[in-house]
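# Structure at a glance
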Amino acid sequence: MTGSREKEKTYSGFEQGPIRPPSEARSLLIRITRNCPWNRCAFCPVYKGEKFSLRPKDHVIQDIDAVSRHVSALRRMGNSQGQISQEDLNAYAAARDVSDRPAFYAAMNWFACGMESVFLLDANSLIIKPADLVDILRHLKTCFPWVSRITSYARSHTVARISDDDLSAIARSGLNRIHIGLESGADEVLAFVKKGADKKTQITAGQKVKKAGMELSEYVMPGLGGKKWSRIHALETADALNQIDPDFIRIRTLAIPGSVRLYDDIAAGCFEKLTDVETAEELLLFLENLDGIASQIKSDHILNLFEEVDGKLPEGKDRMTGVIREFLSMPPRQRMLYQVGRRVGLFSRLKDVHDPALLKRAEAVCREYGITPENVDDMITELMKRFI
Ligand code: SF4
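Everything quoted here is computed from the prediction, not taken from an experiment.

The subject of this paragraph is the site of the ligand. All residues in the neighbourhood of the ligand are listed as Cys-36, Trp-38, Asn-39, Cys-41, Cys-44, Val-46, Tyr-47, Ala-123, Arg-155 and Gly-181. Looking at side-chain class alone, the shell around the ligand contains seven nonpolar, two polar and one charged residues.

Structure below.
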């Protein structure tokens, strides 16, 4: 964070960051900070080589004001059903200064999506002074009083250090959901991947978010312990989540692009990646050990082998574990076809392997690329790199 708090005086226009959770696809994105203040996780390619910085509060306020101006203009342009002609939109866009267009496009997309939610970028908005965050949230609520959800990513290490009073003030000002990358509850795994937070800190942070009255979404990463720590990763992650009881548990299976440290670790022989079958076994163990919580499990990423492992605990547990058991009991060739069909976007459910038309296409992909039950995991690794 060296130099990150240096005063940046000149406003250089509306900004957006590189990523947001899939569930925030319809949200207005407001950038509070740039990049990640930690940036050391061994599996994460997102901010590599990018320097963290805080955006001055008044620059964030100017971004919000710009969107607010455009939203007001869009509302005036709309007919009684809120529809705007393409001609009017083109004329309005053409009349904007080039520097004002990013805010306009953000406003237009948000307007088209119903303007219900806002997501604060980038990786850890809660690192700014709580009083500044409260001011930004209040300004958002003043400009867009109809918004029902304001959300942010946050690191456990940061949240654990914020006082309960400050977290409550942040929640009262409108931040009502936080996404935390738990990844694992196992200290061995967290230390190995340099997550910068141990199990105790992760639990403290999660419990504090819940206590402040905000919704909590925790990301877990099947496969992150590799072969060495697969079992303890599953058990300790389940145990941490059992103590937190988050509203959402989001599954994001490990994928390893060439730009991250784990890639070099594999080459150096100090990390062994799980096969899909081993990852499924680990996921099954993890789910079986979730106990006494009412979280919603979400599998909303193409990196995940099972889109169907998605449901509410505790009532959905048997159905979700049943999906994995069924996969594990498939003959190797059928399992391979499911793996490939899922990763090329043909299948979304296990039963899709029984659809003759889809199956034919999956078989064609296997033939074209020479995929067999023996080499399927290597081929899948290559396919998954496209989605990271
Ligand atoms: S804290 Fe999040 S954004 Fe930062 S390096 Fe780790 S995973 Fe990536």
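Quick look at the domain arrangement of the protein chain now. By a widely used convention, the size of an interface equals the accessible area lost when the partners come together. Segmentation of the protein chain into domains returns domain 1 (22–332) and domain 2 (333–388). A C-alpha centroid distance of 28 Å is found between domain 1 and domain 2. It is helix 12 (residues 317–328) that provides the largest number of residues to the side of domain 1 that touches domain 2, a total of three residues. Class assignment for the residues of the side of domain 1 that touches domain 2 results in eleven nonpolar, one polar and four charged.

What follows covers the pairing of strand 4 (residues 117–121). Counting buried positions over the five residues of strand 4 gives five, a clear majority of the element. Inspection of the sheet shows strand 1 (residues 28–31) paired to strand 4 by four bridges, in the parallel sense. Along strand 4, the bridge assignment pairs Ile-30 with Leu-120. Bridge count for strand 4 against strand 5 (residues 149–154) is four bridges, and the pairing is parallel.

Here the amide bond leading from Leu-121 into Asp-122 is cis, since omega sits at -5°, within 30 degrees of zero. For Asp-122, the position within the fold is in the loop between strand 4 and helix 4 (130–143). Phi is positive for Asn-39, which is not a glycine, with a value near 55°. At Lys-194, a position not held by glycine, the phi torsion is positive, near 55°. Inspection of the secondary structure puts Lys-194 in the loop between helix 7 (187–192) and helix 8 (199–211).

Cut-offs and rules
Residues numbered from 1 in each chain as written. Predicted model: local features only at pLDDT ≥ 70, side-chain atom pairs only at ≥ 80, totals over all residues. Near = placed C-beta within 6 Å. Nonpolar A, V, L, I, M, F, W, Y, C, P; charged D, E, K, R; others polar. Domains from an automatic or database assignment. Helix = DSSP H or I, 4+ residues; strand = E, 2+ residues; numbered from the N terminus. Buried ≥ 20, exposed ≤ 12 C-beta atoms within 10 Å, placed from the backbone. Pairing = 2+ DSSP bridges.

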